[in-house]
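Chain and residue survey
Okay, here's what each chain looks like letter by letter:
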Amino acid sequence: IPVNDQSVDICCSKGVLTNVEDKLTLFRELYRILNQQGQVVLIDWLVPDSIGPKYNRLRLGDLSFKETPSSYSSILESAGFHHIQLIDKSQEYLAYVADLDALYHSEEH
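Residues numbered from 1 in each chain as written. Predicted model: local features only at pLDDT ≥ 70, side-chain atom pairs only at ≥ 80, totals over all residues. Heavy atoms only, no water.

Here we look at the nonpolar core
Note the cut-off: Here, nonpolar core refers to any group of buried Ala, Val, Leu, Ile, Met, Phe, Trp, Tyr and Cys residues whose side-chain atoms link them within 4.5 Å. Relative accessible area decides the class of each residue, using a 1.4 Å probe on protein chains only: under 20% of the type maximum gives buried, over 50% gives exposed, and in between gives partly exposed. Under the DSSP-based scheme used, a helix requires at least four consecutive residues in state H or I and a strand at least two consecutive residues in state E, with every element numbered from the N terminus. Any pair of residues with heavy atoms lying within 4.5 Å of one another is described as a contacting pair.
Judged by nonpolar contacts, V8, C11, L17, F27, L30, I33, L34, Y72, I75, L76, A79 and F81 together constitute the single largest core of 12 residues. Broken down by secondary-structure element, the contributors of at least two residues to this core are strand 1 (8–14), helix 1 (23–33) and helix 2 (69–78). Beyond its immediate chain neighbours, meaning those up to four positions away, F27 contacts L17, L42, Y72, I75, L76, A79 and F81.

Have a look at this one:
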């Protein structure tokens, strides 16, 4: 990433890191550019630890590289990050999808 070391306050990503196979290299680079109080905020698709990381080819041929909470934490720690906090928002997301589905199937649509 063409920015100076420790020059960024926050890095954000929403739902695209399943497209990145080599997350360790990416997170090392984010660690390099973040300042000492910097934060990484990620929203990503994970699979349960009981399943393990899941790498599969999607319907259109794209590859998906989903991590588990444990593997994600391990990768972030290996990149140098500390104070890692994972928050499971699955139930909120499922409620959101149910609301969208209900709206889609309502009389007004």
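What about the pairing of strand 1?
Remember that side chains alternate between the two faces of the sheet whenever the strand is regular. Worth spelling out the cut-off: For two strands to count as paired, DSSP must find a minimum of two bridges between them. Here, the term right-handed applies to a crossover whose path from the first strand over the helix to the second runs clockwise when the strands point away from the viewer.
Pairing analysis gives 6 bridges linking strand 1 to strand 2 (residues 34–43), with the strands arranged parallel. Bridge pairing in strand 2 places V8 opposite L34. Note on the crossover from strand 1 through helix 1 to strand 2: the handedness is right-handed.

Quick look at the pattern of salt bridges
Our working definition: Just to be clear on terms, a salt bridge is a Lys or Arg side-chain nitrogen sitting within 4 Å of an Asp or Glu carboxyl oxygen.
Overall, the coordinates contain 4 salt bridges when judged by the stated rule. Residue R32 is joined to E29 by a salt bridge in which the shortest nitrogen-to-oxygen separation is 2.6 Å. Here R32 and its partner E29 are both found in helix 1, 3 residues apart, which amounts to about one turn of the helix. With a closest N to O distance of 3.9 Å, K89 and E92 form a salt bridge. You can call E92 partly exposed: its relative accessible area is 46%.

Focus on a nonpolar patch on the surface
As a reminder, the rule being used: Patch definition: residues with relative accessible area over 30% and no salt bridge; like charges joined within 9 Å; nonpolar side chains (Val, Leu, Ile, Met, Phe, Trp, Tyr) joined within 5 Å. Computed by Shrake-Rupley with a 1.4 Å probe, the accessible areas treat only the displayed protein chains as cover when residues are assessed.
A surface patch of nonpolar side chains, amounting to about 590 Å² of accessible area, comprises W45, Y93, L94, Y96, V97 and L100. Among the structural elements, W45 can be located in the loop between strand 2 and strand 3 (54–57). Among the residues examined, W45 registers a relative accessible area of 43% and is labelled partly exposed.

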